[in-house]
Amino acid sequence: MALQGWRFFGVSATIIIYIGGVLFLSMNNIPGSHPKRTRIERFAEFSSFHSPRFPMPSRKMTIRWCRDLKYLNRELPNYTDYKAGDYYTALPSDASANLQLQGIAPSPMLTALASFPGSGNTWLRYLLQQATGILTGSIYKDYGLLKTGFPAENVCNSSVLLVKTHEWGAKAWAPFSKAILLVRDPEKAIIAEFNRQSGGHIGFASPDRYKRTKGKYWQQFVSNKLKGWELMNLSWARNFTGSIKVVFYDDLVQHTERELRRILEFLEYPVNEQLLRCALVRKEGIFRRKKRLLSFDPYTDAMRAELLARRRIVYGVLGRHD
């Protein structure tokens, strides 16, 4: 009898454990019992890019600011109160006529930080935020930057020190009275943009991407971006009617203090020597891509000849002949 009792107890315990396990698994697999993971668009300039595999500055890679960041001016004229996305989609082809009809004029305090993608725009914004403690804006809304040091992403009015843009043409410069044109050698800018589209702000394109479709993809990318590099820089340099200052990326790297002082003078913003020293100590930040040497030259002889020709044209117009 005792043996049968133990057997009955063992069987009963096994059944109870089995039923409990089934119920537990069932409850954890009920649709809606877990919050869904939302997919955040990390790069607003490329709406199709969602992959979390590419590196972005993480929460651990926090920025140490020289002082708490703040807005420049919160009491704004009505004509600066617009969102970049709405403004650019609503503006008709005749931008100047439209601005006159609406009684809108360029803000006397709104400065563009214009550059071709891959030219160091984010790094210069970082340096200026460190050197002034004032937020910089953008016509884009890059969620990666929004969360890692640029809370004024998508702010396009005089509350910020300046506004990032990669656009050109009448619509692009209509809101601005001044502009800083940041120019980088097209050879390096195009590779930087290729890396960014493939690997995020601080990542890299894999070597295989250069050889995609037997190299035709990379060849077409270089051709398209080189034309865009030339058009963007010449458009701002020749046609923008406001005050403009040209800053070369190489000069910013080699003579950071000198260039920052000149930029702040152009912006008519007083230099705070303590903040400037702090900015120079922390100038690397987390948004400059580390150098990586490829085991092959991605540019063919024909590509390099075209790069050199376009570079000479643009640099000649900008007054640089080295």
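Looking at the chain in UniProt, the text filed under Sequence similarities (unreviewed entry) is "Belongs to the WSCD family."

Caption draft 1: Main features of the overall build of the chain. Per the secondary structure count, the chain includes 13 helices and five strands. Counting only residues that meet the buried cut, the chain has 44% of its 322 residues in that class. The long-range share in the chain, meaning contacts at least 24 apart out of those at least 6 apart in sequence, stands at 81%. For the chain, the computed accessible surface area is about 18300 Å², with 55% contributed by carbon and sulfur atoms.

Caption draft 2: The packing of helix H11 (residues 256-266) against helix H12 (residues 273-281), seen in detail. It is the contact of H11 with H12, at a shortest axis distance of 11 Å, that shows an interaxial angle of 135°. The orientation of H11 relative to H12 falls into the category oblique. Classified by chirality, the crossing of H12 by H11 is right-handed. Residues Thr256, Glu257, Leu260 and Arg261 of H11 form the contact with H12, whose participating residues are Glu273, Leu276 and Leu280. Per-class residue counts for the contact of H11 with H12 are three nonpolar, one polar and three charged.

Caption draft 3: Spotlight on the sheet that holds strand E5 (residues 243-248). Reading across from one edge, E2-E3-E1-E4-E5 is the order of the five strands in this open sheet, with parallel pairing throughout. Each of the sheet's edge strands pairs with one partner strand only, and the pair in question is strand E2 (137-138) and E5. As judged from the six bridges shared by strand E4 (residues 178-183) and E5, these two strands associate in the parallel manner. Residue Ile180 lies in a different strand from E5, and its bridge partner there is Lys245. Contacts from helix H9 (residues 216-239) reach strand E1 (111-115), strand E3 (163-165), E4 and E5, with the element oriented near 150° to E4.

Caption draft 4: Structural view of the side chain of Arg310. Tracing the chain through its elements places Arg310 in helix H13 (residues 301-317). Assessed through its relative accessible area of 17%, Arg310 is described here as buried. Non-local contacts of Arg310, meaning those with residues more than four positions away in its chain, are made with Leu226, Lys227, Trp229 and Glu230.

Caption draft 5: Highlighting the state of the cysteines. Scanning the entire structure with this criterion turns up one disulfide. The disulfide bridge from Cys66 ends at Cys278, spanning 2.1 Å between sulfur atoms. Looking down the S-S bond of the Cys66 and Cys278 bridge, the torsion is -95°, so its handedness is left-handed. In this pair, Cys66 sits in the loop between helix H1 (2-28) and helix H2 (84-90) while Cys278 sits in helix H12, placing the two residues 212 residues apart along the sequence.

Caption draft 6: Focus on the packing of aromatic side chains. On inspection of all chains with the given rule, the structure shows six aromatic pairs. Ring geometry for Trp173 and Trp236: centres 5.9 Å apart, planes at 70°, overall edge-to-face. Here Trp173, found in helix H6 (residues 170-173), pairs with Trp236, found in helix H9; they are 63 residues apart in sequence, far enough to count as distant. Across the pair, exposure class does not vary: Trp173 and Trp236 are buried alike. Here Phe248 and Tyr315 contribute two aromatic rings whose centre-to-centre distance is 5.2 Å and whose plane-to-plane angle is 65°, an arrangement assigned as edge-to-face. Placement of Phe248 in strand E5 and of Tyr315 in helix H13 is noted, with a sequence separation of 67 residues between them. Here the aromatic cluster, defined as three or more aromatic residues joined through ring pairs, consists of Trp173, Trp236 and Phe240. A cation sits over an aromatic face here: Lys178 above Phe266, 4.5 Å from the ring centre. Across from the ring centre of Phe248, 4.3 Å away, lies the NZ or CZ of Arg320, which sits over that ring.

Scoring rules and cut-offs
- Residues numbered from 1 in each chain as written.
- Predicted model: local features only at pLDDT ≥ 70, side-chain atom pairs only at ≥ 80, totals over all residues.
- Heavy atoms only, no water.
- UniProt positions renumbered as here; feature names shortened; annotations may be inferred.
- Helix = DSSP H or I, 4+ residues; strand = E, 2+ residues; numbered from the N terminus.
- Buried < 20%, exposed > 50% of the residue type's maximum accessible area, 1.4 Å probe, protein only.
- Contact = heavy atoms within 4.5 Å.
- Areas by Shrake-Rupley, 256 points an atom, 1.4 Å probe, with all protein chains shown as cover.
- Axes fitted to C-alpha atoms, helices over the stretch in contact; angles between N-to-C directions.
- Parallel < 35°, antiparallel > 145°, perpendicular 65-115°, else oblique.
- Left-handed = near helix turned anticlockwise from the far one by under 90°.
- Nonpolar A, V, L, I, M, F, W, Y, C, P; charged D, E, K, R; others polar.
- Pairing = 2+ DSSP bridges.
- Disulfide = S-S within 2.5 Å.
- Phe/Tyr/Trp six-rings, centres within 6.5 Å; stacked < 30°, edge-to-face > 60°.
- Lys NZ or Arg CZ within 6 Å of the ring centre and 35° of its normal.

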